[in-house]
Amino acid sequence: MIQETVVTTLDAEGRPHVAPMGLTLTTGMRPVLAPFRPSRTLDNLMTRRSVVINYTDDVRVIAGCICGRHDWPTRPATVIEGAVLTAALAHAEAAVAVVEDDPMRPRFHLDVVHEETHAPFRGLNRAKAAVVEAAVLVSRLHMLPAERVDAEMAHLAVAVGKTAGLEELEAWGWLQDHVAAWRARARESAA
């Protein structure tokens, strides 16, 4: 199973980096992160060998990171040298136990050393799920045909239109603006 989370890592100077990332969970196995090359998360994991896995229902963090907004408030982790996302409902602090090298996506097997819950989970609305799915699409604009992106965004827009609150609408707007800007840059490059 892949669980959508937001991870925070520290760079060599101790600055936090916030990024959405799928965490692979397999019964009886260590959780695994597999960031793409190149990425700051990958570099930070290799340097610091630790990560904070943040569980949040604020989809603005996920959409914002995809759209270049990585400056989200954090606080120091409890056990490891790390940063906890202030918007996290819960978090897990983990150390890298094993690294499986790969030319595209190295796999970091983690040992969770500490967990905390900060606030109750009050449930999801369909717009939150739609924003997360749209963020995944937007992160792959360079790989997917425009027609597919448009069709899937149109489908997801139905859930956003029916169930979104202010946070989801803001995140959705960022994603739409990002797609438009990306396409404008692509047109300029092609001209």
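In the block above lies the structure referred to throughout.
Summarised in this report is the structure supplied together with it. These numbers come from a predicted model, not from an experiment. (Residues numbered from 1 in each chain as written. Predicted model: local features only at pLDDT ≥ 70, side-chain atom pairs only at ≥ 80, totals over all residues. Heavy atoms only, no water.)

Remarks on the nonpolar core
Rules: We define a nonpolar core as any set of buried Ala, Val, Leu, Ile, Met, Phe, Trp, Tyr and Cys residues linked to one another through side-chain atoms lying within 4.5 Å. A simple rule labels every residue: compare its accessible area, found with a 1.4 Å probe on the protein chains alone, to the largest value its type can have, and call it buried under 20%, exposed over 50%, or partly exposed in between. Helix and strand definitions follow DSSP, with helices as H or I runs of at least four residues and strands as E runs of at least two, each counted in order from the N terminus. The contact criterion used is simple: two residues touch if any of their non-hydrogen atoms lie within 4.5 Å.
Counting 31 residues, the largest nonpolar core has Val18, Val61, Trp72, Leu85, Val131, Trp172 and Leu175 as the members making the most contacts within it. For this core, the elements supplying multiple residues, two or more each, are helix H2 (59-66), helix H3 (126-138), helix H4 (146-163) and helix H5 (166-190). Examining the composition of this core, we find that eight residues originate from one element, H3, more than from any other. Apart from residues lying up to four places away in sequence, Val61 is in contact with Val6, Val18, Trp72, Leu85 and Ala87. With 13 residues, the next largest nonpolar core counts Leu23, Ala92, Val96 and Leu110 among its residues.

Observations concerning the sheet that holds strand E3 (residues 32-33)
Stated precisely, the cut-off is as follows: Here, any two strands with at least 2 DSSP bridges between them count as paired. Angular values range over 0 to 180 degrees, each being the angle between N-to-C directions of two axes fitted as lines to C-alpha atoms, with helices fitted over their stretch in contact.
Here we have six strands rolled up into a closed barrel, ordered E1-E2-E3-E8-E7-E4, and antiparallel in their pairing. For strand E4 (residues 50-55) and strand E7 (residues 90-100), the ladder comprises six bridges, and the chain directions are antiparallel. Bridging from a neighbouring strand, Val51 pairs with Ala94 of E7. Across the sheet, H2 touches strand E1 (2-10) and strand E2 (16-24), and the angle it forms with E2 is around 105°.

Focus: the packing of aromatic side chains
Heads up, the condition is: By convention, a stacked pair of Phe, Tyr or Trp rings (six-membered ring in the case of Trp) has centres within 6.5 Å and planes under 30 degrees apart, an edge-to-face pair has planes over 60 apart, and any other such pair is tilted.
The final tally for this structure, using the stated rule, is one aromatic pair. Each ring, one from Trp72 and one from Trp174, has its centre 6.3 Å from the other, and the planes form 55°; the classification is tilted. Of this pair, Trp72 sits in the loop between H2 and strand E5 (74-76) while Trp174 is found in helix H5, placing the two residues 102 residues apart along the sequence. Taking relative accessible area as the criterion, Trp72 reaches 19% and is therefore assigned buried.

What about the pattern of salt bridges?
Just so we agree on the cut-off: Salt bridge, as applied in this entry: a Lys or Arg side-chain nitrogen positioned within 4 Å of an Asp or Glu carboxyl oxygen.
If you walk through the whole model with that rule in mind, you get 13 salt bridges. Close ionic contact of Arg48 with Glu81 constitutes a salt bridge, the shortest N to O distance being 3.1 Å. Residue Arg48 is located in helix H1 (residues 40-48), and its partner Glu81 is located in the loop between E5 and strand E6 (83-85); the two are separated by 33 residues in the primary sequence. Judged by relative accessible area, which is 24%, Arg48 ranks as partly exposed. Bridged by salt links that share partners, the residues Asp58, Arg60, Glu167 and Glu170 form one connected network.

Quick look at H3
Just so we agree on the cut-off: Multiplying one less than the number of residues by 1.5 Å gives the expected span of a helix.
Counted at 1.5 Å a residue, the expected span for H3 with its 13 residues is 18 Å, and the 18 Å between its end C-alpha atoms agrees. Looking only at H3, the buried set comprises Ala127, Lys128, Ala130, Val131, Val132, Ala134, Ala135, Leu137 and Val138. Residues of H3 that are buried sit in contact with E1, H2, H4 and H5.

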